[in-house]
Amino acid sequence: MKKTQRIVILFLLLGGLLSCDKIKEEDVVEPKMQEEQLLVKQIDQIDSEISDIFMKFNYHLELYVQYEDDDKLVRVENFDDLEKERITYSYNIVRYPETKQLKYVSEIPNNHGENWENIYNSLYDENGNLIKFTRISRFDVYVEMSNYYYDSSQKLIKKTYDLSNLLMLGQSQESITIEDYFARHSYEQRKKATDWKFE
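Worth saying up front: this structure is predicted, and the values here are computed from it rather than measured.

The rules we used
- Residues numbered from 1 in each chain as written.
- Predicted model: local features only at pLDDT ≥ 70, side-chain atom pairs only at ≥ 80, totals over all residues.
- Heavy atoms only, no water.
- Buried < 20%, exposed > 50% of the residue type's maximum accessible area, 1.4 Å probe, protein only.
- Helix = DSSP H or I, 4+ residues; strand = E, 2+ residues; numbered from the N terminus.
- Pairing = 2+ DSSP bridges.
- Phe/Tyr/Trp six-rings, centres within 6.5 Å; stacked < 30°, edge-to-face > 60°.
- Patch = residues over 30% accessible without salt bridge, like charges linked within 9 Å, V, L, I, M, F, W, Y side chains within 5 Å.
- Areas by Shrake-Rupley, 256 points an atom, 1.4 Å probe, with all protein chains shown as cover.
- Salt bridge = Lys/Arg side-chain N within 4 Å of Asp/Glu carboxyl O.
- Lys, Arg positive; Asp, Glu negative; His and termini not counted.
- Charge placed at Lys NZ, Arg CZ, Asp CG, Glu CD.

What am I meant to see in the pairing of strand S7 (residues 142–150) here?
The side chains of a regular strand alternate between both faces of the sheet. Where burial is concerned, most of S7 is hidden: 7 out of the 9 residues are buried. Examined bridge by bridge, strand S6 (residues 130–139) and S7 share 8 bridges and lie antiparallel to one another. Following the sheet pairing, Arg 138 is matched in S7 by Val 143. Between S6 and S7, which follow one another and run antiparallel, lie 2 residues, and Asp 140 among them has a positive phi close to 50 degrees. One ladder, built from 9 bridges, connects S7 with strand S8 (residues 156–165); its direction is antiparallel. Residue pairing for S8: Met 145 is matched across the bridge by Asp 162. In this structure, the hairpin formed by S7 and S8 is closed by a connection of 5 residues, where Gln 154 is found at a positive phi of approximately 70 degrees.

Sorry, what's going on with the packing of aromatic side chains here?
How two aromatic rings sit relative to each other is given by the distance of their centres and the angle of their planes. What the rule picks out here adds up to 12 aromatic pairs. Note on Tyr 91 and Trp 196: the rings are 5.8 Å apart at their centroids and 80 degrees apart in plane angle, and the pair reads as edge-to-face. Of this pair, Tyr 91 sits in strand S3 (residues 87–95) while Trp 196 sits in the segment after S8, and the two are 105 residues apart along the sequence. Across the pair, exposure class does not vary: Tyr 91 and Trp 196 are buried alike. Between Phe 133 and Tyr 187 the ring centres are 5.4 Å apart and the planes differ by 15 degrees, which places this aromatic pair in the stacked class. In this pair, Phe 133 sits in strand S6 while Tyr 187 sits in the segment after S8, placing the two residues 54 residues apart along the sequence.

What is the right way to look at a negative patch on the surface in this model?
Residues Glu 68, Asp 69, Asp 70, Asp 71 and Glu 85 make up a contiguous surface patch of negative charge. Within the secondary structure, Asp 70 is located in the loop between strand S1 (62–67) and strand S2 (73–76). For Asp 70, a relative accessible area of 34% gives the class partly exposed.

Please clarify how unusual backbone geometry should be interpreted in this entry.
The bulk of non-glycine residues show a negative phi, and the bulk of peptide bonds are trans. Phi is positive for Lys 100, which is not a glycine, with a value near 65 degrees. Structurally, Lys 100 can be placed in the loop between S3 and strand S4 (102–109). One non-glycine residue, His 112, lies in positive phi territory at about 50 degrees. Its location among the elements puts His 112 in the loop between S4 and strand S5 (116–124).

The analysis is restricted to geometry; functional conclusions fall outside its scope.
Structure representation (structure tokens):
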């Protein structure tokens, strides 16, 4: 084998190894160990408690917005009387009652009346580590959802993916390609609660 061929093969192998860590939106990862399965159940229990806050105890929610051309996150009493066209993001947050540290952040980019919606939910443990990230995107009749579960060292232990057609719920879904769809925006997972700048 020629030296040039070996170098090319080496680069291809190296590129393949480096890309193994990349998780595509459609990928699914299952927990490998029993401890990871137990941790996923515990994380889902905490997430369920957040749902209860939204449904029954919403006085625990804090509401924030971010306006165009301003990085500052502004706390508001409600979203009703705001200049909605100036808002770029709205946020719902929940804190741990004892420490006031962030427990949950729901980030919602303003769609400005377009036919799409994105919601990014981040759930943190008591040490401020991201333990679950959920991305929900709605466009036309489709809802696309990914859940990422992490252990305390930020290792991905589970990932789910679901694509649903709202007109065909309960029926078999046709296969569609979403990759370049206009409503799928790039997003950031904030791995630490301290990455947020809420007052």
